[in-house]
Amino acid sequence: MSSTGSGAGCGVVLGIVLVLLAQQFGLLSLSALVPAIEFLIIAGVIGGLIGAGIGYALGHRYLANHPPASSGSSGTPPSG
């Protein structure tokens, strides 16, 4: 799984958790079905986009600091 996909998945979960936490603290009312579903979907989409952006940036930073091995190597560390 790519870093972008992992970040998006985490962002969706965190967005939904933040809506539920806001409801527990009394900042949101999720007593009506349609607005509650709208809040959860919007928070999931926004969280997913933010998480995907962060995952994308971290993935590129990792690849810049850890270049892939050359194709001529056997994949085993040198002995000695």
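So, a few notes on the structure that sits alongside this text. (Residues numbered from 1 in each chain as written. Predicted model: local features only at pLDDT ≥ 70, side-chain atom pairs only at ≥ 80, totals over all residues. Heavy atoms only, no water.)

**Here's the deal with the overall build of the chain**
For clarity, the threshold we go by: Secondary structure elements follow DSSP: runs of H or I no shorter than four residues count as helices, runs of E no shorter than two count as strands, and numbering proceeds from the N terminus. Buried residues are those whose accessible area, probed at 1.4 Å on protein chains only, stays under 20% of the maximum for their type, while exposed residues exceed 50% and partly exposed ones sit between those limits. Here a residue-residue contact requires only that any non-hydrogen atoms of the pair lie within 4.5 Å. With residues, only the protein chains shown are counted as cover, and all accessible areas are computed by Shrake-Rupley using a 1.4 Å probe.
Check the secondary structure of the chain and you find two helices and zero strands. In the chain, which comprises 80 residues, the share counted as buried stands at 19%. The contacts of the chain with a sequence gap of at least 6 include a subset with a gap of at least 24, amounting to 67%. Looking at the chain as shown, the accessible area adds up to about 6100 Å², and 72% of this sits on carbon and sulfur atoms.

**Comments concerning the packing of helix 1 (residues 3-24) against helix 2 (residues 33-65)**
Helix packing for two helices is described by the angle between their axes and how far apart those axes are. Inclusion rule: To obtain each axis, a line is fitted to C-alpha atoms, and for helices this fit is confined to the stretch in contact; angles are then taken between N-to-C directions over 0 to 180 degrees. In this scheme, a crossing is called left-handed if the near helix is turned counterclockwise away from the far one by less than a right angle; it is called right-handed if the turn is clockwise. Gly is placed with the polar residues, together with every amino acid not listed as nonpolar (Ala, Val, Leu, Ile, Met, Phe, Trp, Tyr, Cys and Pro) or charged (Asp, Glu, Lys and Arg).
Contact pair helix 1 / helix 2: the axes reach a minimum separation of 6 Å and the direction vectors enclose 145°. For the pair helix 1 and helix 2, the crossing hand works out as right-handed. Facing Ser 3, Thr 4, Gly 7, Ala 8, Gly 11, Val 12, Gly 15, Ile 16, Val 19 and Leu 20 of helix 1, the residues of helix 2 in contact are Phe 39, Leu 40, Ala 43, Gly 44, Gly 47, Gly 48, Gly 51, Ala 52, Gly 55, Tyr 56 and Gly 59. Classifying every residue of the contact of helix 1 with helix 2 gives ten nonpolar, eleven polar and no charged.

**A look at helix 2**
What counts is decided by this rule: By definition here, a helix of n residues has an expected span of 1.5 Å times n minus one.
If you check helix 2, its first and last C-alpha atoms are 47 Å apart, about what 33 residues at 1.5 Å a residue would give, namely 48 Å. Looking at the packing, one finds that the buried side of helix 2 touches helix 1.

**A closer look at helix 1**
Residue pairs spaced three or four apart in an α-helix point in one direction, given the helix's 3.6 residues per turn. In plain terms, the rule: Arc definition: directions from the helix axis to the C-beta atoms.
Between its terminal C-alpha atoms helix 1 stretches 31 Å, which fits the 32 Å expected from 22 residues at 1.5 Å a residue. Taken as a whole, helix 1 has its buried residues at Gly 7, Gly 11, Gly 15, Val 19 and Ala 22. Burial along helix 1 is one-sided: seen end-on, the buried residues are contained in an arc of 105°. Where the residues of helix 1 are buried, they touch helix 2. Looking one or two places after helix 1, you find Gly 26, whose phi comes out positive at around 85°.

**A look at a nonpolar patch on the surface**
Put simply, the rule is: Within the patch definition used here, like charges are joined within 9 Å and nonpolar side chains (Val, Leu, Ile, Met, Phe, Trp, Tyr) within 5 Å, considering only residues with over 30% relative accessible area and no salt bridge. One speaks of a salt bridge when a side-chain nitrogen belonging to Lys or Arg is within 4 Å of a carboxyl oxygen belonging to Asp or Glu.
On the surface, a cluster of nonpolar side chains totalling about 610 Å² of accessible area is made up of Leu 33, Val 34, Ile 37, Ile 41, Val 45 and Leu 49. Looking at the element boundaries, Val 34 is found in helix 2. Relative accessible area serves as the criterion here: at 54%, Val 34 is assigned to the exposed category.

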